[in-house]
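One letter stands for each residue in the lines below.
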Amino acid sequence: ARSVAPSRPTSSVGGLGWLRAAEHHRPRRHAARARSNANDQPMSAATPSRKPARPLPPDDAALAALLGKAKPHWDALLAAASGADASCAAEWVYYASLKGWRCIVKVKKARGGKQTLVHLRPDEGSYLASFALSDAAIAAAAGRGVPAPLITEVRAAKVLPEGRPIRVQVKSAKDLRAAAGLLLA
């Protein structure tokens, strides 16, 4: 009595090894799907996922509590951006790898699409304004009265496709003037 081989073709290298691999592979794969949760109850469609829910973006009260004395500077920078261009819009984006929410200020381009002007990251008592400036924007910022050490720092920065990166930690009116000068450049 001769055993009948499966109808799948066998390769000269593997022989019938694929059959043994398939027999061992499938039960493990299906067993992974049927794992139980922490309460040793089978997972089902009604069981919530283990991934934590994304927090909501901060509202104005939570933002004011976090920023403290820097909240008027936050509002002034957003007002300067919207005063410079009517199509300017701020949106909150959640970056889990960067640990939290960022406010991104964008403006509509003439040919369609949007251009990011600044990323704002709220911190305890201050906020970080991150820019990417072209060479023309750096020259315009120098003409707007942005402090010379800041202009020197941005000119020394590595050129990226978006522009030269610069960050300003805004805590005071002096910091706000520098950030606004970079924003409006």
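Values in this document were obtained by computation on a predicted structure and should not be read as measured data. (Residues numbered from 1 in each chain as written. Predicted model: local features only at pLDDT ≥ 70, side-chain atom pairs only at ≥ 80, totals over all residues. Heavy atoms only, no water.)

Engineer: I keep staring at the state of the cysteines and nothing clicks. Help me out?
Structural biologist: Linking two cysteines covalently through their sulfur atoms gives a disulfide. Tallied over the entire structure, the rule returns zero disulfides. No disulfide involves Cys88; its sulfur sits 9.3 Å from the nearest other cysteine sulfur, which is in Cys103. (Disulfide = S-S within 2.5 Å.)

Engineer: What am I meant to see in the sheet that holds strand β1 (residues 89-95) here?
Structural biologist: Read from one edge of the open sheet, five strands run β1-β2-β3-β4-β5, paired in antiparallel fashion. The open sheet has two edge strands, β1 and β5 (164-170), and neither has a second partner. Here the average twist between neighbouring strands, direction ignored, is 25°. In terms of strand pairing, strand β3 (residues 114-123) meets strand β4 (residues 126-133) through five bridges, oriented antiparallel. Pairing of His119 across the sheet is with Ser130, part of β4. Relative to β3, helix α2 (residues 60-67) is tilted by about 60°, and along the sheet it contacts β1, β3 and β4. (Pairing = 2+ DSSP bridges. Helix = DSSP H or I, 4+ residues; strand = E, 2+ residues; numbered from the N terminus. Axes fitted to C-alpha atoms, helices over the stretch in contact; angles between N-to-C directions. Contact = heavy atoms within 4.5 Å.)

Engineer: Before we go on, may I ask you to explain the environment of Ala137 in this structure?
Structural biologist: Residue placement: Ala137 occurs in helix α4 (residues 135-143). Sequence separation between Ala137 and Gly181 is 44 residues; the distance between their C-alpha atoms is 10.0 Å.

Engineer: What am I meant to see in the pairing of β5 here?
Structural biologist: If a strand is regular, its side chains alternate between the two faces of the sheet. Only one face of β5 is buried, namely the one carrying Arg164, Ile166, Val168 and Val170, since none of Pro165, Arg167 and Gln169 on the opposite face is buried. The pairing of β4 with β5 spans seven bridges and is antiparallel. What sits directly across from Ala132, in β5, is Pro165. (Buried < 20%, exposed > 50% of the residue type's maximum accessible area, 1.4 Å probe, protein only.)

Engineer: Could you clarify how one ought to interpret the packing of aromatic side chains in this entry?
Structural biologist: Each aromatic ring pair is specified by the distance between its two centres and by the angle formed by the two planes. Counted under the stated rule, the structure contains three aromatic pairs. Relative to Trp92, the ring of Trp74 lies with its centre 5.9 Å away and its plane at 15°, an arrangement referred to as stacked. With a gap of 18 residues between them, Trp74 in helix α3 (residues 71-84) and Trp92 in strand β1 connect regions that are remote in the sequence. Since its relative accessible area comes to 2%, Trp74 is described here as buried. Residue Trp92 is classed as partly exposed on the basis of its relative accessible area, which comes to 26%. Relative to Tyr127, the ring of Trp74 lies with its centre 5.2 Å away and its plane at 80°, an arrangement referred to as edge-to-face. Taken together, the positions of Trp74 in helix α3 and Tyr127 in strand β4 put the pair 53 residues apart, joining distant regions of the chain. (Phe/Tyr/Trp six-rings, centres within 6.5 Å; stacked < 30°, edge-to-face > 60°.)

Engineer: What exactly am I supposed to notice about the nonpolar core here?
Structural biologist: Grouped together as the largest cluster of nonpolar side chains are 31 residues, with contacts concentrated most on Leu77, Leu120, Tyr127, Phe131, Leu133 and Leu182. With six residues, the top contributor of residues to this core is helix α6 (residues 173-183). The contacts of Leu120, once residues within four sequence positions are left out, are Trp74, Leu77, Leu78, Arg102, Cys103, Val105, Tyr127, Leu128 and Ala129. (Core = buried A, V, L, I, M, F, W, Y, C linked by side-chain atoms within 4.5 Å.)

Engineer: What exactly am I supposed to notice about the pattern of salt bridges here?
Structural biologist: When the charged atoms of two side chains with opposite charge come close together, those side chains can pair. Taken as a whole and assessed by the stated rule, the structure comprises four salt bridges. Linking Arg121 and Asp123 is a salt bridge whose minimum nitrogen-to-oxygen distance equals 3.1 Å. The class of Arg121 is partly exposed, set by a relative accessible area of 28%. Residues Asp135 and Arg164 are paired through a salt bridge, measuring 3.2 Å at the closest nitrogen-oxygen approach. Of this pair, Asp135 sits in helix α4 while Arg164 sits in strand β5, and the two are 29 residues apart along the sequence. Overall, Asp135 belongs to the exposed group, its relative accessible area being 55%. Judged by relative accessible area, which is 16%, Arg164 ranks as buried. (Salt bridge = Lys/Arg side-chain N within 4 Å of Asp/Glu carboxyl O.)

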